[in-house]
Amino acid sequence: MKKLILFIFLCSFQINGQNVDLEKTINLIITEITPSNFKYINLADENLIVKEFDYSIQNYEKREIFIKDSLFPIELITTPKEEEKSINWKTFKLNNCKIYSKNDCINLVRKSGYLIEVKNKSEYDSIINLNIPNTIVVIINPKWGKQKTTLEIRKATEKIENVEKNIQDQSYFSFSIPVFSENKKYFRIAIYKGKENNGEGSSKIFKIENETLTEVFEYNGWKTEVYSVN
């Protein structure tokens, strides 16, 4: 019985220790990518899962990496180990970021905003409490005629269009779960930055030294575009 209790305690300690390392690393990444004039970034709550395609690193790239860092663990690139599990960043204590669902992140960066019609004050309050980004809620009285209803919707729509979007809310980020080298001094992470109509991401290798990050290598870049269909 004592052995079982000890085993459970050790497993719990190991998981908590891993979470602390992960939390610390993600906070370092947030500090690294946040522009100096930003107070925060927007972050999708679920981790990004990227299927790494076979990357054939060229000899000149190896030379450039080893010139920067002779101890670099090249296997982080040549033998990728994927993290397939899902986690939610809301369960971590992350600094200088606002965490939303992916759909809310996409809604946040849209210029058109999001209009929700409700029938009464109770519905209005329940929607407001959800704190959906870039959203205007308008109460439509069922007793109103078509002209009055159209006028109220138009006024709400104009309110959305006239709002000057905060520069910090013009983009959002998604992070994969970092994959660490055996000595925990290096890690690989995929980072995606989404905007209103497009986005781009890549895999990056960082070195951790004295709680600061140095980018060693970037590869597997991709881009996305959003098209509206009328």
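Here is what the cut-offs are and how they apply
- Residues numbered from 1 in each chain as written.
- Predicted model: local features only at pLDDT ≥ 70, side-chain atom pairs only at ≥ 80, totals over all residues.
- Heavy atoms only, no water.
- Helix = DSSP H or I, 4+ residues; strand = E, 2+ residues; numbered from the N terminus.
- Buried < 20%, exposed > 50% of the residue type's maximum accessible area, 1.4 Å probe, protein only.
- Contact = heavy atoms within 4.5 Å.
- Areas by Shrake-Rupley, 256 points an atom, 1.4 Å probe, with all protein chains shown as cover.
- Core = buried A, V, L, I, M, F, W, Y, C linked by side-chain atoms within 4.5 Å.
- Pairing = 2+ DSSP bridges.

Concerning the overall build of the protein
Next up, step 1: Secondary structure assignment for the protein yields 6 helices and 9 strands.
Next up, step 2: Among the 230 residues that make up the protein, the fraction classed as buried is 37%.
Next up, step 3: In the protein, 61% of the contacts between residues at least 6 apart in sequence involve partners at least 24 apart.
Next up, step 4: About 15,400 Å² of surface is accessible on the protein, with carbon and sulfur atoms providing 51% of the total.

Focus on the nonpolar core
Next up, step 1: By size, the foremost hydrophobic cluster in this structure holds 21 residues, and its most contacted members are I26, I29, L43, W89, L94, F175 and I189.
Next up, step 2: Where this core is concerned, the elements lending two or more residues are α1 (2-33), β1 (41-44), β2 (97-100), β5 (172-175) and β7 (186-194).
Next up, step 3: For this core, the leading source of residues is α1, giving 5 residues.
Next up, step 4: If you look at the next biggest cluster of nonpolar residues, it comprises 12 residues, including I74, L76, I205 and V216.

Some points on the environment of I208
Next up, step 1: With respect to the helices, strands and loops of the structure, I208 is situated in strand β8 (residues 198-209).
Next up, step 2: I208 sits in the partly exposed class, given a relative accessible area of 21%.
Next up, step 3: Each C-alpha atom, one on I208 and one on Y186, is 6.0 Å from the other, the two residues being 22 residues apart in sequence.
Next up, step 4: If near-sequence neighbours (up to four positions away) are discounted, I208 is found in contact with T25, L28, F180, K184, K185, F187 and L213.

Observations regarding the side chain of K204
Next up, step 1: Relative to the helices and strands, K204 is located in strand β8.
Next up, step 2: Each residue touching K204, except ones within four places of it in the same chain, is listed here: F187, R188, I189, I191, E215, F217 and E218.

Regarding the pairing of β7
Next up, step 1: Burial of β7 is extensive: 8 of the 9 residues sit out of reach of the surface.
Next up, step 2: Where β5 meets β7, 4 bridges bridge the pair, whose relative direction is antiparallel. Its bridge partner being in β7, F173 is matched across the sheet by K193.
Next up, step 3: Bridge count for strand β6 (residues 179-180) against β7 is 2 bridges, and the pairing is antiparallel. Within β7, the residue paired with V179 across the bridge is R188.
Next up, step 4: Between β6 and β7, which pair antiparallel in sequence order, lie 5 residues; one of them, K184, sits at a positive phi of approximately 65°.
Next up, step 5: In textbook terms, the turn of a hairpin is the stretch between consecutive antiparallel strands, and for β7 and β8 this stretch comprises 3 residues.

Examining unusual backbone geometry
Next up, step 1: Backbone geometry places N96, a non-glycine residue, at a positive phi of 55°.
Next up, step 2: Here N96 is to be found in the loop between α3 (75-78) and β2.

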